[in-house]
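# An overview of the molecular structure
These are the residues of each chain, in order.
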Amino acid sequence: VQLFQLYSDTIKSGKSIDFNTTGFKVFSQFEEDGKLLYIFSVLGMGNKQFVDIGSDDGINSNCANFALNFGWHGLFVDADKTALSVGKHFYAKYPNPWTLKPKFKHVVVTPENINQIISDENFRGEIELLSIDIDSNDYWIWKALHIIAPKVVIIESQVAFGNRKLVVPYSDSTAKNPDKNLYYGASTAALVQLGKEKNYRLIGSNAYGNNLFFVINGIAEKELPEIAFEETLKSTYVTEKSALFEKIKHLPFLEV
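Before going into details, it helps to say that this report is about the structure given with it. (Residues numbered from 1 in each chain as written. Predicted model: local features only at pLDDT ≥ 70, side-chain atom pairs only at ≥ 80, totals over all residues. Heavy atoms only, no water.)

## What to know about the packing of aromatic side chains
Taken as a whole and assessed by the stated rule, the structure comprises 23 aromatic pairs. Consider the rings of F90 and Y94, whose centres lie 5.0 Å apart with planes at 40°: the pair is tilted. Taking relative accessible area as the criterion, Y94 reaches 41% and is therefore assigned partly exposed. Here the aromatic rings of W142 and Y200 are separated by 5.9 Å at their centres, their planes lie at 65°, and the arrangement is edge-to-face. Taken as a pair, W142 in helix α6 (residues 138-144) and Y200 in strand β7 (residues 200-205) lie far apart in primary sequence, 58 residues in all. (Phe/Tyr/Trp six-rings, centres within 6.5 Å; stacked < 30°, edge-to-face > 60°. Buried < 20%, exposed > 50% of the residue type's maximum accessible area, 1.4 Å probe, protein only. Helix = DSSP H or I, 4+ residues; strand = E, 2+ residues; numbered from the N terminus.)

Here it is as structure tokens:
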């Protein structure tokens, strides 16, 4: 909370902060907690609503810091019923038993059902944050979403595809996936194009380049400027992963 206030005061004073220096991990998988905190110190916290698709238990989540420390309300969606039960138990006690608790939805999401799922839980229109991390059809889920209008989207990219504009075709099963660690998802370039189609700009990524941050156009464009997608593909991790593309280049892809 103190860091959030420091960022807010610094921005109001007209000084700039390098987005790439703001990352840290508390609940997120990598340093997304810090970068999201910085983004919302620029944007403000608005209605404090989030939707997390592929949330696991909702504790190891891009949205948990906001839910626990800033009073945000939201929806955790995951296909793992056991993980969600762990999250329900955790949030029943923390940050205290009397706060408004996040909602949990056990379901396998598809482009056909995702809008109804979110609408049924009474999330519609403008929200602050959408996180998508389902290790498969992330691109297709974001493409289909229209029931909510998040200010910020964080979504996983498949850096093994390098700078190619590729998407793995939609599939309702991973049972026949020939290489589940590489052959899934969409490249950074493909997600950036989809973001442009949906009126979002890429402003950065985590240090590994595999979680991308998008902000809706028309707000804080000076403080959170658009970057070229190639800027997110410079880490050693990306270099090593993209070298593995040779193993899967013969498989079916869509070039978007």
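Resuming the write-up.
## Some details on helix α4 (residues 81-93)
Taking 1.5 Å per residue as the helical rise, α4 with its 13 residues ought to reach 18 Å, and the 19 Å between its terminal C-alpha atoms agrees with that figure. Those residues of α4 lying buried are A83, L84, G87 and Y91. Viewed end-on, α4 has its buried residues packed into an arc of 95°, placing them on one side of the element. Seen from the buried face of α4, the exposed residues on the opposite side, beyond 90 degrees, are K81, T82 and H89. Those residues of α4 hidden inside the fold are in contact with α3 (64-69), β2 (73-78) and β3 (103-106). (Expected span 1.5 Å × (residues − 1). Arc of directions from axis to C-beta. Contact = heavy atoms within 4.5 Å.)

## Notes on the layout of surface pockets
Computed from the structure, the second largest pocket encloses a volume of approximately 330 Å³. Along its surface, the second largest pocket is lined by 23 residues, and F19, N20, I203, G204 and I227 are the ones closest to its centre. Elements represented by at least two residues in the lining of the second largest pocket include exactly α2 (32-43) and β7. The greatest single-element share of the lining of the second largest pocket, amounting to 3 residues, is contributed by β7. Of the residues that constitute the lining of the second largest pocket, the class distribution is 10 nonpolar, 7 polar and 6 charged. (1 Å grid on protein atoms, 1.4 Å probe; cavity = no way out; pocket = protein on both sides within 12 Å on 5 of 7 lines; lining within 4 Å. Points joined across faces, edges and corners; volume = space filled by probe spheres on them. Nonpolar A, V, L, I, M, F, W, Y, C, P; charged D, E, K, R; others polar.)

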